[in-house]
Amino acid sequence: MFPDTQNLTAAITTIKARKEWLDNIEPRQRPDIKLLGGSSLYSSNRILQEAGDAVEGLVVAVPWFRNAVKSINFTNAAEKQWGVKVGWYTASSFDTTQVFIESFKLPPNLDKPMVLLNLPKVRLLPENTSREEVTFDKNTREMKRDKKLLKVENGKFVVMPEAN
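Residue indices follow the written sequence of each chain, beginning from 1 at its first position. Two thresholds apply to this predicted model, a pLDDT of at least 70 for residue-level local features and 80 or more for giving and counting side-chain atom pairs, whereas whole-chain, interface and lining totals are computed over all residues. Each side-chain value is worked out from all heavy atoms of the structure, with water and hydrogens disregarded.

Visitor: Where do I start with helix 1 (residues 8-23) in this structure?
Guide: The helix count covers DSSP runs of H or I at least four residues long, the strand count covers runs of E at least two residues long, and both are numbered beginning at the N terminus. How far a helix is expected to stretch is found by multiplying one less than its residue total by 1.5 Å. Here helix 1 contains 16 residues, and its C-alpha end-to-end distance of 22 Å stays within 8% of the 22 Å for a straight helix at 1.5 Å per residue. Taken together, the buried positions of helix 1 are occupied by Leu8, Ala11, Ile12, Ile15 and Leu22. Buried residues in helix 1, looked at end-on, bunch into an arc of 100 degrees, giving them a common side. Remark: exposure states derive from per-residue accessible area (1.4 Å probe, protein chains only) relative to the maximum for the residue type, with buried under 20%, exposed over 50%, and partly exposed in between. Arc, as used here, means the arc of the directions from the helix axis to the C-beta atoms.

So, in structure tokens, the structure goes:
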């Protein structure tokens, strides 16, 4: 399920209908249908509040998780500084700002093409970001960042252990 934030109601309805359907099937014959989703399902507390136990087992892919071991210091500092809960979008915005600041430092003349050309040269260590190293692919200039898989367990998002 990859709804945009304006279609969360439809996603919640579908999630509840899935649970109701599965609950009416004898456990031995119940199909193992996984519930997978995008970051919009993680971004909203609505999914946990409104879908209840129907969302148990949902797996979502996100670029950053506030409660990850690496992220918790940034989470705490940012929430103290700004007075609000932070999410992956805040962390990504913070990191992007840091990247552009570093890119501005590299060329002698600042203009948009030079800043963009310098992106592959930027490498930020975790202490200068939301606690994840930031590097760029030299060919595509896309930010390289590990994705996190989160799973709903006992009504909360938790980091899934990495598969070996």
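Visitor: Would you take a moment to explain the pattern of salt bridges for this structure?
Guide: It is possible for side chains bearing opposite charge to pair when their charged atoms get close. Salt bridge, as used here, is a side-chain nitrogen of Lys or Arg placed within 4 Å of a carboxyl oxygen of Asp or Glu. Counted by the stated rule, this structure contains nine salt bridges. Across the salt bridge formed by Glu26 and Arg28, the nearest N and O atoms sit 2.5 Å from each other. With relative accessibility at 40%, the residue Glu26 sits in the partly exposed group. Arg66 is the salt-bridge partner of Glu79, the closest N and O atoms lying 2.3 Å from each other.

Visitor: It is not clear to me how the environment of Gly57 should be interpreted in this structure. Could you clarify?
Guide: One can find Gly57 in the loop between helix 3 (46-51) and strand 2 (59-62). Expressed as a C-alpha distance, the spacing of Gly57 and Glu162, which sit 105 residues apart in the sequence, is 16 Å. In what follows, a contact means two residues having at least one pair of non-hydrogen atoms within 4.5 Å. With residues up to four places along the chain from it excluded, the contact list for Gly57 reads Leu35, Lys151 and Val152.

Visitor: Looking at this structure, how should I read the environment of Ala77?
Guide: Following the sequence through the fold, Ala77 ends up in helix 4 (residues 72-82). Sequence spacing of Ala77 and Asp146 is 69 residues, and the spatial spacing of their C-alpha atoms is 22 Å.

Visitor: How should the packing of aromatic side chains be read in this particular structure?
Guide: Where two aromatic rings form a pair, the distance of their centres and the angle of their planes describe that pair. We call Phe, Tyr and Trp rings a pair once their centres come within 6.5 Å, taking the six-membered ring for Trp, and we label the pair stacked below 30 degrees between planes, edge-to-face above 60, and tilted otherwise. Applying the stated criterion to the full structure yields six aromatic pairs. Ring plane angle 70 degrees and centroid distance 5.9 Å describe the contact between Trp88 and Tyr89, whose orientation is recorded as edge-to-face. With a relative accessible area of 42%, Tyr89 lands in the partly exposed category. In this structure an aromatic cluster arises from ring pairing among Tyr42, Phe65 and Phe157.

Visitor: Quick question: what am I supposed to make of unusual backbone geometry here?
Guide: The phi angle of most residues is negative, glycine excepted, and most peptide bonds adopt the trans form. Phi at Arg131 takes a positive value of approximately 90 degrees, unusual for a residue other than glycine. Along the polypeptide, Arg131 turns up in the loop between helix 6 (112-118) and strand 3 (135-136). For Arg131, a relative accessible area of 27% gives the class partly exposed. Of note, Asn154 is a non-glycine position whose phi angle comes to about 55 degrees, a positive value. Within the secondary structure layout, Asn154 lies in the loop between strand 5 (148-153) and strand 6 (156-159).

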